[in-house]
There are 2 protein chains.
Amino acid sequence: MPTTQAQAPTRDRILFTSAELFRRQGYAGTGLKQVTTQAEAPFGSLYHFWPGGKEQLAEEVLRTGGDFFLALYRAIVDPAPDLLTGVRDFFTGAGETLVATGYLDACPIATVAGEVASTHEPLRSASADVFELWTAALTADLAHAGAPEEQARPLALAVIALLEGAFLLCRTLQSTEPMDAAADAAVALVRTALETQP
Amino acid sequence: MPTTQAQAPTRDRILFTSAELFRRQGYAGTGLKQVTTQAEAPFGSLYHFWPGGKEQLAEEVLRTGGDFFLALYRAIVDPAPDLLTGVRDFFTGAGETLVATGYLDACPIATVAGEVASTHEPLRSASADVFELWTAALTADLAHAGAPEEQARPLALAVIALLEGAFLLCRTLQSTEPMDAAADAAVALVRTALETQP
DNA sequence: GTCTATAGAGAGATAGAC
DNA sequence: GTCTATCTCTCTATAGAC
């Protein structure tokens, strides 16, 4: 089910389709020919826009996917009445997206990150930058909401680990049960930290 | 760094090497030629023992990896003075293995599971069986240790999600910081559940 | 810049000698 | 059963016409 991209510019169509295929099929499992075909773009355009080939394309996919996911987090958490509600809403939304896409779309970078961690250093590094970006954002939010300073970062890492682990379990089990369990766990952890007086 | 397998039978050498390469490089990223070369086995032997080819081999790798990891869990948790200590020891051991292998060896099935969830139904199904096996074991342990019955399974899923997410973050960030954070979170969650009187 | 054709390497799989 | 040679297909990448 190729998502419609109407008449977006060639470069954008390739980038969008790459992101979709990489997060679903992985880096090695996605062919550049499949990308250009599904994006309805000429094969040569890919090397015109990304002279560094597959690796350069994947790096941009990882970074833009990371930025997109952070923006999604902001869009959900910032309007929420409090951080606890925002975190729960984010996990709930993740579960809803899984169901809506038939368990195809979960984390924008996880599948590739797992593949490349031990094999493609530039891509591992890009994935690390993304995880670090998310961790910093959640750490700041937790500290701002009143979590003890030394607990904020470990708690942020644990919440992101819960989310990533739940994504993998949900996609594999084709069920949102793990996401529901992770949501409750994340909320419980955050609540405890926020109730602790520094 | 091919792990030594001395003079193990050909079939075992191929299986062992496949497990190593699949969990590090993923399914699509690992070639059968690379497997047989590193296993010092003739290429044809692979199709002799696994007539179903790469997919059949990967399925056996997933299932034996799942059994192995459960046995490792049992070996750590059963002798522990209590479940809380056992869970902490398991997370600690996971972190130590990551460091000892230079962040190469984490979960035996996660990298492949993430790749195949949307692309290879027989392998997704095998991965699901493994996660279900682990979940059932931890659920039973939690219930036996005194967690309220309706909390045991969601808690087991959350702990496994924490572990899987931490594996991904640690491999990507090349740091055990996420595993330490996940360990504390898992212990806190389990402790709270065990302190709750049914 | 857009697009096609193809090069060169490597994949998974198989045939068949021994 | 063990092992080698090779088949066919697909991959990434590039050359070059337009």
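Residues numbered from 1 in each chain as written. Chains lettered and ligands numbered in written order. Predicted model: local features only at pLDDT ≥ 70, side-chain atom pairs only at ≥ 80, totals over all residues. Heavy atoms only, no water.

Considering the state of the cysteines
Covalent bonding between the sulfur atoms of two cysteines is what defines a disulfide.
Residue and element names in this part refer to chain A.
Inference 1: One pass over the structure, following the stated rule, counts zero disulfides over all chains.
Inference 2: Left unpaired, Cys107 is separated from the closest cysteine sulfur, that of Cys170, by 13 Å.
Inference 3: Judged by relative accessible area, which is 4%, Cys107 ranks as buried. (Disulfide = S-S within 2.5 Å. Buried < 20%, exposed > 50% of the residue type's maximum accessible area, 1.4 Å probe, protein only.)

Remarks on the UniProt feature "domain: Transcriptional regulator LmrA/YxaF-like C-terminal" (unreviewed entry) in chain A
Inference 1: Feature annotation in UniProt assigns "domain: Transcriptional regulator LmrA/YxaF-like C-terminal" (unreviewed entry) to the following positions: residues 86–184 of chain A.
Inference 2: Taken end to end, residues 86–184 of chain A is 81% helix and 0% strand, and its two terminal C-alpha atoms sit 13 Å from one another. (UniProt positions renumbered as here; feature names shortened; annotations may be inferred. Helix = DSSP H or I, 4+ residues; strand = E, 2+ residues; numbered from the N terminus.)

Here's the deal with the interface of chain A and chain B
Inference 1: Tallying the contact residues gives 41 residues for chain A and 41 residues for chain B.
Inference 2: Summing the contributions of chain A and of chain B, the shared interface buries around 3,300 Å²; its carbon and sulfur component is 70%.
Inference 3: Our count for the chain A to chain B interface comes out at two salt bridges.
Inference 4: Here Arg153 of chain B and Glu177 of chain A are joined by a salt bridge, their closest N and O atoms 2.7 Å apart.
Inference 5: Only α1 (10–25), α6 (110–116), α7 (121–145), α8 (149–173) and α9 (177–195) of chain A provide two or more residues apiece to the side of chain A that touches chain B.
Inference 6: Residue contributions to the side of chain A that touches chain B peak at 15 residues, all from α8 of chain A.
Inference 7: Split by residue class, the side of chain A that touches chain B holds 23 nonpolar, 10 polar and eight charged. (Contact = heavy atoms within 4.5 Å. Buried area = accessible area lost by both parts, 1.4 Å probe. Salt bridge = Lys/Arg side-chain N within 4 Å of Asp/Glu carboxyl O. Nonpolar A, V, L, I, M, F, W, Y, C, P; charged D, E, K, R; others polar.)

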